[in-house]
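Chain residues, written in single-letter form:
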Amino acid sequence: MEPGGQPNIQQMLQQAQRMQEQFMGLQRELAETEIQGTAGGGLVTATVNGQSEVVKIVIDPAAIDPEDPADTAETIADLVLAAIHNAGEEAQKLAQEKMGPLTEGLGGGLGGGLGLPGL
């Protein structure tokens, strides 16, 4: 703050700009990160990027029972969903881990760490 208790607007704007640049950089980094989730003891593996977009599904041939194609199809569908869910959870954990230090700079709430009175 400047003498007289007034916040330095220019300094706050510069800090906000730096935080925005860090946030954008982390978003790019997360988008390029691939996270795997598995189901069925590894019979199905789903790979998602840091934005939880599915980029790859791998199904182990051992998951396929040629004697019962209908049951196999249902089981594989369930395993694919479980693997995608698992990978999505891991992606969310990674995002929270990466973004945590940046959001703490906000003081736990919008504006709190920016030195804005009352926020």
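Parameters at a glance
Residues numbered from 1 in each chain as written. Predicted model: local features only at pLDDT ≥ 70, side-chain atom pairs only at ≥ 80, totals over all residues. Heavy atoms only, no water. Core = buried A, V, L, I, M, F, W, Y, C linked by side-chain atoms within 4.5 Å. Buried < 20%, exposed > 50% of the residue type's maximum accessible area, 1.4 Å probe, protein only. Helix = DSSP H or I, 4+ residues; strand = E, 2+ residues; numbered from the N terminus. Contact = heavy atoms within 4.5 Å. pLDDT = per-residue confidence, 0-100. Pairing = 2+ DSSP bridges. Axes fitted to C-alpha atoms, helices over the stretch in contact; angles between N-to-C directions. Patch = residues over 30% accessible without salt bridge, like charges linked within 9 Å, V, L, I, M, F, W, Y side chains within 5 Å. Areas by Shrake-Rupley, 256 points an atom, 1.4 Å probe, with all protein chains shown as cover. Salt bridge = Lys/Arg side-chain N within 4 Å of Asp/Glu carboxyl O. Expected span 1.5 Å × (residues − 1). Polar contact = N/O pair within 3.5 Å; in protein donor to acceptor, adjacent residues only side chain to side chain.

Engineer: Teacher, can you tell me more about the nonpolar core here?
Structural biologist: The tendency in soluble globular proteins is for nonpolar side chains to be buried side by side. Core analysis: the biggest nonpolar cluster contains 16 residues, and Ile35, Val44, Val48 and Ala83 have the highest contact counts within it. Counting residues per element, the ones that place at least two in this core are α1 (9-32), β1 (34-39), β2 (44-49) and α2 (69-104). Looking at this core element by element, the count peaks at eight residues for α2. In this structure valine 44 touches Gly37, Thr38, Ala39, Ile57, Val58, Ile59, Leu79, Val80 and Ala83, once residues within four positions along its chain are discounted.

Engineer: Just checking my understanding: could you explain the confidence of the model for the protein chain for this structure?
Structural biologist: As a note on interpretation, predicted positions should not be read in detail where pLDDT is low. Per-residue confidence for the protein chain averages 82 on the pLDDT scale, and 80% of its residues sit at or above 70. When the elements of the protein chain are averaged for pLDDT, α1 gives the smallest value, 85, and strand β3 (residues 54-59) the largest, 95. Predicted confidence for residues 108-119 stays below pLDDT 50, and this span has 17 contacts to residues more than four positions away or in other chains.

Engineer: What is the right way to look at the pairing of β3 in this model?
Structural biologist: Looking along a regular strand, one sees side chains alternate from face to face of the sheet. As paired strands, β2 and β3 are joined by five bridges and run antiparallel to one another. Paired with valine 44 across the strands is isoleucine 59, a residue of β3. The turn linking β2 back onto β3 is made up of four residues, and serine 52 within it adopts a positive phi angle of 65°.

Engineer: Is there a simple way to explain the sheet that holds β1 in this structure?
Structural biologist: Across a sheet, paired strands are connected by hydrogen bonds in the backbone, their directions being either parallel or antiparallel. Strand order across the open sheet formed by three strands is β1-β2-β3, with antiparallel pairing between neighbours. The open sheet has two edge strands, β1 and β3, and neither has a second partner. Neighbour-to-neighbour, the strand axes of this sheet turn through a mean angle of 20°, independent of strand direction.

Engineer: Can you help me understand a nonpolar patch on the surface in this one?
Structural biologist: Residues Val54, Ile57, Ile59 and Ile64 make up a contiguous nonpolar surface patch of roughly 300 Å² in combined accessible area. Following the sequence through the fold, isoleucine 59 ends up in strand β3. You can call isoleucine 59 partly exposed: its relative accessible area is 34%.

Engineer: What is the right way to look at α1 in this model?
Structural biologist: What sets the pattern is the α-helix's 3.6 residues per turn: residues three or four places apart point alike. The end-to-end C-alpha separation of α1 is 35 Å, in line with the 34 Å expected for 24 residues at 1.5 Å each. Turning to α1, its buried residues are Met12, Met19, Leu26 and Leu30. The N-capping residue of α1, defined by a side-chain oxygen 3.1 Å from the backbone nitrogen of glutamine 10, is asparagine 8.

Engineer: Sorry if this is basic, but what is going on with the pattern of salt bridges here?
Structural biologist: One side chain can pair with another of opposite charge once the charged atoms of both are near each other. For the coordinates displayed, the defined rule picks out one salt bridge. Taking the shortest distance from any N to any O, the salt bridge between glutamate 90 and lysine 93 comes out at 3.4 Å. Of this pair, glutamate 90 and lysine 93 both sit in helix α2, three residues apart, which is roughly one turn of the helix. With a relative accessible area of 31%, glutamate 90 lands in the partly exposed category.

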